[in-house]
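Fold and geometry: a report
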Amino acid sequence: SLLAVYHSALALAILAALGGYLTPLLINSGSNDYAALFAYIAVLNAGILLVSIFRKWQQLPLLGLVGTIFLFLTWSGDGYTPNLAIICTLVLTIYFIEFLLVSLFNTLLSKEKSDMLEYHLIMLNASWYFGMTYSLLKPEYEYILGTFTALLALIYGVLAYAVHVIKKDDEVPAIFFGGTALVFLTLVFPIQFEQQWITIAWLTEATVLIWMAVRTKMVRF
């Protein structure tokens, strides 16, 4: 990674990142040392994110997030047990914050307008964190899932407002953060309530996606 920064070589940085995420699989001894694995991923993410911010390489954070998801799912297939739910949730929160911070740095500090790589990072980070945390907490802690979802909606709502105020010349990132906040707010209803409220929530979410498609002129929404 240092050589990649020194020579400004994105390809070398990508190879270094791939090697970093494949290393735990290549040296796996069969022991379930999840603490070392979680710490390794957190440090690796931090290094990759710092490099991406320094060189403004938006491909690296997305690669890092995919690598993190791959390693966590690979470990959880054999190593996860229900008593690790809280520990895993805290670890996933650290990873979530890491990638959320790099999205904010790239959005607020870059003089150029954000592109699709940045939007994919925002959406994948939010959806992965919510989905995985939901699956971990639901068996034993279902009663807090509504509050958890509402908290995510609040976080993204605050970020949307901050991005809108700071970067007024590029409204798309604020729309992405705001749309994510509205989707999480919508999900509070089917998680916390039943019957007709679920239908109302799905209708609202569809409306949000149509609104985002019109405002960003991106048909995929």
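What comes next is a walk through the structure.

Procedures and definitions
- Residues numbered from 1 in each chain as written.
- Predicted model: local features only at pLDDT ≥ 70, side-chain atom pairs only at ≥ 80, totals over all residues.
- Heavy atoms only, no water.
- Salt bridge = Lys/Arg side-chain N within 4 Å of Asp/Glu carboxyl O.
- Buried < 20%, exposed > 50% of the residue type's maximum accessible area, 1.4 Å probe, protein only.
- Helix = DSSP H or I, 4+ residues; strand = E, 2+ residues; numbered from the N terminus.
- Contact = heavy atoms within 4.5 Å.
- Core = buried A, V, L, I, M, F, W, Y, C linked by side-chain atoms within 4.5 Å.
- Expected span 1.5 Å × (residues − 1).
- Phe/Tyr/Trp six-rings, centres within 6.5 Å; stacked < 30°, edge-to-face > 60°.
- Axes fitted to C-alpha atoms, helices over the stretch in contact; angles between N-to-C directions.
- Parallel < 35°, antiparallel > 145°, perpendicular 65-115°, else oblique.
- Nonpolar A, V, L, I, M, F, W, Y, C, P; charged D, E, K, R; others polar.

1. Some thoughts on the pattern of salt bridges
With the rule as written, the count across this model stands at one salt bridge. Glu 142 is the salt-bridge partner of Lys 138, the closest N and O atoms lying 2.9 Å from each other. Look at Lys 138 and you get partly exposed, because its relative accessible area is 33%. On the basis of relative accessible area, Glu 142 is assigned to the partly exposed category, the value being 44%.

2. A short note on the environment of Ile 14
With respect to the helices and strands, Ile 14 occurs in helix H2 (residues 10-26). Linking Ile 14 and Ile 48, residues 34 residues apart in sequence, is a C-alpha distance of 9.4 Å. Contact partners of Ile 14, with chain neighbours within four places excluded, come to Leu 60 and Leu 63.

3. Comments concerning the nonpolar core
In this structure, Phe 72, Leu 92, Tyr 156, Phe 177 and Phe 184 are the most contacted members of the largest nonpolar core, which totals 59 residues. Among the elements of the structure, H2, helix H3 (34-55), helix H4 (59-79), helix H5 (85-109), helix H6 (116-141), helix H7 (145-166), helix H8 (172-192) and helix H9 (196-216) are those that each provide at least two residues to this core. Excluding residues within four positions of it along the chain, Leu 92 makes contact with Phe 72, Trp 128, Tyr 129, Met 132, Thr 133 and Leu 136.

4. Some details on H8
Residues three or four positions apart in an α-helix share a direction because the helix packs 3.6 residues into each turn. For H8, which comprises 21 residues, the first-to-last C-alpha distance of 30 Å matches the rise-based estimate of 30 Å (1.5 Å per residue) to within 8%. Across the 21 residues of H8, 15 count as buried, placing the element largely inside the fold.

5. Things to note about the packing of aromatic side chains
Within the structure shown, the criterion is met by 16 aromatic pairs. An angle of 55° between the planes, with centres 6.4 Å apart, marks the rings of Tyr 34 and Trp 75 as tilted. Linking Tyr 34 in helix H3 with Trp 75 in helix H4, this pair joins segments that are 41 residues apart in sequence. On the basis of relative accessibility, which here comes to 26%, the residue Tyr 34 falls in the partly exposed class. Relative accessible area serves as the criterion here: at 9%, Trp 75 is assigned to the buried category. Both rings, one in Phe 38 and one in Trp 75, keep their centres 5.0 Å apart while their planes meet at 75°; by these two values the pair is edge-to-face.

6. As for the packing of H8 against H9
At a closest axis distance of 8 Å, the pairing of H8 and H9 adopts a crossing angle of 170°. With respect to H9, the axis of H8 lies roughly antiparallel. Taking contact as the criterion, the partners of Val 172, Ile 175, Phe 176, Gly 179, Leu 182, Val 183, Thr 186, Leu 187, Phe 189 and Pro 190 in H8 are, on H9, Trp 197, Ile 198, Ala 201, Trp 202, Thr 204, Glu 205, Val 208, Trp 211, Met 212, Arg 215 and Thr 216. A per-class count over the contact of H8 with H9 returns 15 nonpolar, four polar and two charged.

7. Some thoughts on the environment of Ala 16
Relative to the helices and strands, Ala 16 is located in helix H2. Counting along the chain gives 32 residues from Ala 16 to Ile 48, while the straight-line C-alpha distance between them is 9.3 Å.

8. With respect to the environment of Val 183
Looking at where Val 183 falls in the secondary structure, it is placed in helix H8. A sequence separation of 26 residues divides Val 183 from Leu 209, and the C-alpha atoms of the two residues are 8.7 Å apart. Apart from residues lying up to four places away in sequence, Val 183 is in contact with Glu 205 and Val 208.

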